[in-house]
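Breakdown of the fold
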Amino acid sequence: AAEAPLHRELLVERVAACFAVERLSSRVTDRIGTVIEECVRRQSARIIGDFVWLPSQSPDSWTRVRVPKGAEGLRALEHLPAEELAAAAVRVLQASIALPKDELARHVIGVFGYKRLTPKAHAAASRAVTVLLARGHCLEDGDRVRHAAR
């Protein structure tokens, strides 16, 4: 629960590890997937996109940013929910007011321990800006993004 929202792939790996399963066969993955679906049916979890959320968590108001503690805490970019990337972008914009998109992207991925702005990292940061724009938390001004004062 402390890790939610969690990418479905990571959840499967974590559950398998709890049962000392070393190899994730399709049978194991399918079985854990069935359990996840049962949790959704019983309303003890929600699936939004590729992420499993607790029923008490709201993607629309998500503000938590989980920063890695060392190299082993680094999550793959695709395992970062857009809502969490957006929360990091809000923090960066609050401190900077406005930034060029590439610089904002560099700062956002830096929060999660990444040092280089690869195409994959840029795409992840772009997901954050898309969420912020949809929520009205930021404004695009040409190539710059600025925090929308509320």
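Residues numbered from 1 in each chain as written. Predicted model: local features only at pLDDT ≥ 70, side-chain atom pairs only at ≥ 80, totals over all residues. Heavy atoms only, no water.

Thoughts on the pattern of salt bridges
Keep this limit in mind: We define a salt bridge as a contact between a side-chain nitrogen of Lys or Arg and a carboxyl oxygen of Asp or Glu at a distance within 4 Å. Only DSSP runs of H or I with at least four residues qualify as helices, and only runs of E with at least two residues qualify as strands; both kinds are numbered from the N terminus onward. Only protein chains enter the area calculation, which uses a 1.4 Å probe; residues under 20% of their type maximum are buried, those over 50% are exposed, and those in between are partly exposed.
According to the stated counting rule, one finds 8 salt bridges in the structure shown. The shortest N-O distance in the salt bridge between E37 and R8 comes to 3.0 Å. Here E37 is found in helix α2 (residues 26-41), whereas its partner R8 is found in helix α1 (residues 8-18), with 29 residues between them in sequence. Judged by relative accessible area, which is 39%, E37 ranks as partly exposed. Among the residues examined, R8 registers a relative accessible area of 26% and is labelled partly exposed.

Here's the deal with the sheet that holds strand β5 (residues 138-141)
Definition in use: Any two strands between which DSSP finds at least two bridges are classified as paired. Here the axes come from fitting lines to C-alpha atoms, over the contacting stretch only for helices, and the angles between their N-to-C directions go from 0 to 180 degrees.
Spatially, the 3 strands line up as an open sheet ordered β4-β6-β5, and their pairing is antiparallel. Each of the sheet's edge strands pairs with one partner strand only, and the pair in question is β4 (98-100) and β5. Averaged over all pairs of adjacent strands, the angle between their axes in this sheet comes to 25°, without regard to strand direction. Here β4 runs beside strand β6 (residues 144-147); their pairing, made up of 3 bridges, is antiparallel. When the sheet's bridge partners are listed, P100 is paired in β6 with R144.

Describing the nonpolar core
Rules: The criterion is simple. A nonpolar core is a set of buried Ala, Val, Leu, Ile, Met, Phe, Trp, Tyr and Cys residues joined through side-chain atoms within 4.5 Å. The contact criterion used throughout is that any non-hydrogen atoms of two residues lie within 4.5 Å.
Of all hydrophobic cores here, the largest spans 25 residues; its most connected members are L85, L104, V108, F112 and L132. Put simply, the parts of the chain that give this core at least two residues each are α3 (82-96), α4 (101-111) and α5 (119-135). A per-element tally of this core places α3 first, with 9 residues. The contact partners of L132, leaving out residues within four places of it in the chain, are A86, A89, V90, L93, H137 and C138.

Brief notes about unusual backbone geometry
A4 connects to P5 through a cis peptide bond whose omega is 0°. Mapping P5 onto the fold places it in the segment before β1 (6-7). In this structure, A20 takes a positive phi of about 55° despite not being glycine. As for its position among the elements, A20 is in the loop between α1 and α2. A positive phi is found at I97, a non-glycine position, where the angle reads about 75°. The class of I97 is exposed, set by a relative accessible area of 61%.

Side note on the sheet that holds β1
In sheet architecture, strand pairing relies on hydrogen bonds along the backbone and comes in two forms, parallel and antiparallel. Strand order in this open sheet of 3 strands is β1-β3-β2, and the pairing throughout is antiparallel. One side of each edge strand has no neighbouring strand; the edge strands of this open sheet are β1 and β2 (46-48). As defined by bridge partners, β1 adjoins strand β3 (residues 51-53) across 2 bridges and the pair is classed as antiparallel. Along β3, the bridge assignment pairs H7 with F51.

Here we look at the environment of L104
Mapped onto the elements, L104 comes out in helix α4. Put simply, L104 and V145 are 41 residues apart on the chain and 7.7 Å apart in space, counted from C-alpha to C-alpha. Not counting residues within four places of it along the chain, the set of residues in contact with L104 comprises A89, V92, L93, L99, V129 and V145.

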